[in-house]
Amino acid sequence: MPELPEVETTLRAISSFSGKKILSSKVNNPNLRWKVNKNFDSIIRNIQIKNIHRRAKYIIFSFKEFYLLLHLGMSGTIRIANKSSNYFKKHDHVELVFKDQKIIYNDPRRFGSMHIIKDLDSHFLLSNLGPEPLSKKFNSKYLNHLCSSSKTSIKSFIMNQKNVVGVGNIYASESLFMAKISPLRPASSLKLDECKALVKSIKAILRNAINAGGTTLKDFYSADGNAGYFKVRLKVYDRESKKCKRCDALINKIIQNQRATYYCNKCQS
DNA sequence: CGAAAAACCTGGCAGC
DNA sequence: TGCTGCCAGGTTTTTC
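Values in this document were obtained by computation on a predicted structure and should not be read as measured data. (Residues numbered from 1 in each chain as written. Chains lettered and ligands numbered in written order. Predicted model: local features only at pLDDT ≥ 70, side-chain atom pairs only at ≥ 80, totals over all residues. Heavy atoms only, no water.)

Caption draft 1: Just the pairing of strand β4 (residues 51–55), in detail. Going residue by residue along β4, you find Ile 52 and Arg 54 tucked away on one face and Asn 51, His 53 and Arg 55 left uncovered on the opposite face. Pairing of β4 with strand β5 (residues 58–62), which is carried by five bridges, proceeds in the antiparallel orientation. By the bridge assignment for β5, Ile 52 is matched with Phe 61. In textbook terms, the turn of a hairpin is the stretch between consecutive antiparallel strands, and for β4 and β5 this stretch comprises two residues, one of which, Ala 56, has a positive phi near 55 degrees. (Buried < 20%, exposed > 50% of the residue type's maximum accessible area, 1.4 Å probe, protein only. Helix = DSSP H or I, 4+ residues; strand = E, 2+ residues; numbered from the N terminus. Pairing = 2+ DSSP bridges.)

Shown next as structure tokens:
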């Protein structure tokens with residue numbers, strides 16, 4: 001489900017909890033991608049959240065002496081409920097209880113995680129991540145330099161979080177379409193001006209998706225319960241055999257690294 | 001070593 | 001109705 005825009009949308013929906021105190025918590029199922037800490041509740045109860053921010057597709061709650069790392073995986077969502085609400089959904093794994101409300105983490109496939117860690121920079125899940133796509137560090141010179149030594153396809157290259165974070169399967173296809181670059185091209189074959197176009201496209205696609213509140217395909221809803229509206233703006237993803245929105249060809253679907261890729265064979269080269 | 005494939009899970013849907 | 005097989009927005013681990 002969530003790529004960077006969906007994570008960013010989720011972050012914004014819960015950012016008002018920054019500064020608030022967690023009164024208690026409830027772990028219904030600790031068996032997530034990374035096991036929820038054994039003494040989770042005793043660690044986290046009665047402490048104040050200093051701030052909440054995002055790094056790559058992780059949402060990070062900072063406390064005085066540790067951090068709570070949240071990843072939504074493929075199917076995770078956060079929702080905000082009234083504290084008194086007893087409405088329980090299947091796959092509600094962890095709840096953080098505040099004075100009036102609670103934050104509930106739901107994830108059918110359990111590819112996501114929620115656990116407490118001591119350090120951020122040295123943590124193995126965070127230490128090998130590439131630059132944020134919307135930062136100045138992610139620019140054409142950087143991409144061109146990194147590309148030059150990789151012969152993997154440009155599509156899987158930009159989905160590799162070591163190279164740049166936040167670009168998942170949907171936005172990889174969309175970005176390459178906007179940049180008019182074939183997803184099959186070896187990364188090392190990209191010229192500087194193509195890297196420039198690709199960087200520009202990735203930034204534009206992600207910004208647009210964030211502004212639309214993310215993409216809802218199957219099960220993504222923001223924590224405020226709203227669907228994301230970026231789906232209506234998708235140009236190639238999930239449009240196999242439909243007419244290209246830029247020329248008259250039909251959109252192709254291929255499988256790269258076991259993931260679906262959509263592209264126009266005529267205007268992407 | 002880098003790159004590709006498998007693995008972790010559940011739910012939904014197409015086809016029989 | 002119900003079974004089987006396949007697909008899904010991610011990322012780590014294993015294999016080649």
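Caption draft 2: View of the environment of Ile 60. With respect to the secondary-structure elements, Ile 60 resides in strand β5. Sequence-wise, Ile 60 and Asp 100 are 40 residues apart; in three dimensions their C-alpha atoms are separated by 22 Å. Setting aside anything within four residues of it in sequence, one finds Ile 60 in contact with Asn 51, Ile 52, His 53, Arg 55, Tyr 67, Leu 68, Leu 69, Leu 120 and Leu 126. (Contact = heavy atoms within 4.5 Å.)

Caption draft 3: Structural detail: the pattern of salt bridges. Enumeration over the complete set of coordinates arrives at nine salt bridges. With a closest N to O distance of 2.7 Å, Arg 54 and Glu 8 form a salt bridge. With a gap of 46 residues between them, Arg 54 in strand β4 and Glu 8 in helix α1 (residues 4–14) connect regions that are remote in the sequence. What you see here is one network of salt bridges that share partners, running through Glu 8, Arg 12, Arg 54, Arg 55 and Glu 132. (Salt bridge = Lys/Arg side-chain N within 4 Å of Asp/Glu carboxyl O.)

Caption draft 4: Quick peek at the protein's contact with DNA strand B. In the vicinity of DNA strand B, the contacting residues are Lys 90, His 91, Pro 108, Arg 109, Arg 110, Phe 111, Ser 150, Lys 151, Thr 152, Asn 257 and Gln 258. For DNA strand B, the backbone portion of the atoms within 4 Å of the protein, that is sugar and phosphate, comes to 50%. At 2.7 Å, a side-chain N or O of His 91 approaches a phosphate oxygen of DNA strand B. A distance of 3.3 Å is found between a phosphate oxygen of DNA strand B and a side-chain nitrogen or oxygen belonging to Ser 150. Considered class by class, the residues forming the surface near DNA strand B number two nonpolar, five polar and four charged. (Near = heavy atom within 4 Å. Polar contact = N/O pair within 3.5 Å; in protein donor to acceptor, adjacent residues only side chain to side chain. Nonpolar A, V, L, I, M, F, W, Y, C, P; charged D, E, K, R; others polar.)

Caption draft 5: Fine view of the domain arrangement of chain A. As assigned here, chain A comprises domain 1 (4–117) and domain 2 (140–264). Inter-centroid distance (C-alpha atoms) of domain 1 to domain 2 is 29 Å. Residue-level contacts link 17 residues of domain 1 with 18 residues of domain 2. Carbon and sulfur atoms make up 66% of the area that domain 1 and domain 2 hide from each other, which totals about 1400 Å². (Domains from an automatic or database assignment. Buried area = accessible area lost by both parts, 1.4 Å probe.)

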